[in-house]
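Chains, contacts and geometry: an overview
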Amino acid sequence: MNESRAAIRYAKATLDYAVEKKTADKVDADMRNVAATISENVELKQLLSSPLVKNEVKVSRSARGAVSIAVALAEDGIISREEAILRIEPRSLKELLHRQIVPEAP
């Protein structure tokens, strides 16, 4: 597994979502604040880099974001394609399969 490649995919998915929601400037500012906070706090940096930190906390994300992350993990070989499919909640797929209205469309 190439961690930097996975990090790039996550960053791209985050940026794509922020651009889609027209919040790229806010996300950029938030990420800079997070990076500064981590670099200024040695204990926090150690905690985040520790392999003992469990990834069991579920984070709310859009259906498109969940699919994008699962695809990226599978393409990077971090998880199997079967595992990627199992990580997508059925209601997420239902949301993606329905037509979506774009408010700013003509």
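Now for a look at the structure at hand. This structure is a prediction, so every number in the text was calculated from the model and none was measured.

Turning next to the nonpolar core. In terms of nonpolar packing, the biggest core is built from 7 residues, these being Ala66, Ile69, Ala70, Leu73, Ile79, Ala84 and Ile88. For this core, the element with the most residues is helix H4 (residues 63–75), which contributes 4 residues. Residues within four places of Leu73 in sequence aside, it is in contact with Tyr10, Ile78, Ile79 and Arg87.

Summed over all chains, the structure comprises 7 salt bridges. For Glu20, the salt bridge goes to Arg64, with nearest N and O atoms at 3.0 Å. Residue Glu20 is located in helix H1 (residues 3–20), and its partner Arg64 is located in helix H4; the two are separated by 44 residues in the primary sequence. Overall, the relative accessible area of 43% leaves Arg64 in the partly exposed class. For the salt bridge of Asp30 with Lys26, the shortest nitrogen-to-oxygen distance reads 3.3 Å. Here the residue Asp30 and the residue Lys26 both occupy positions in helix H2 (residues 24–40), the gap between them amounting to 4 residues, near one helical turn. The exposure class of Lys26 is exposed, given its relative accessible area of 53%.

Criteria and cut-off values
- Residues numbered from 1 in each chain as written.
- Predicted model: local features only at pLDDT ≥ 70, side-chain atom pairs only at ≥ 80, totals over all residues.
- Heavy atoms only, no water.
- Core = buried A, V, L, I, M, F, W, Y, C linked by side-chain atoms within 4.5 Å.
- Buried < 20%, exposed > 50% of the residue type's maximum accessible area, 1.4 Å probe, protein only.
- Helix = DSSP H or I, 4+ residues; strand = E, 2+ residues; numbered from the N terminus.
- Contact = heavy atoms within 4.5 Å.
- Salt bridge = Lys/Arg side-chain N within 4 Å of Asp/Glu carboxyl O.

Scope: geometric values only; no functional claims are made or implied.
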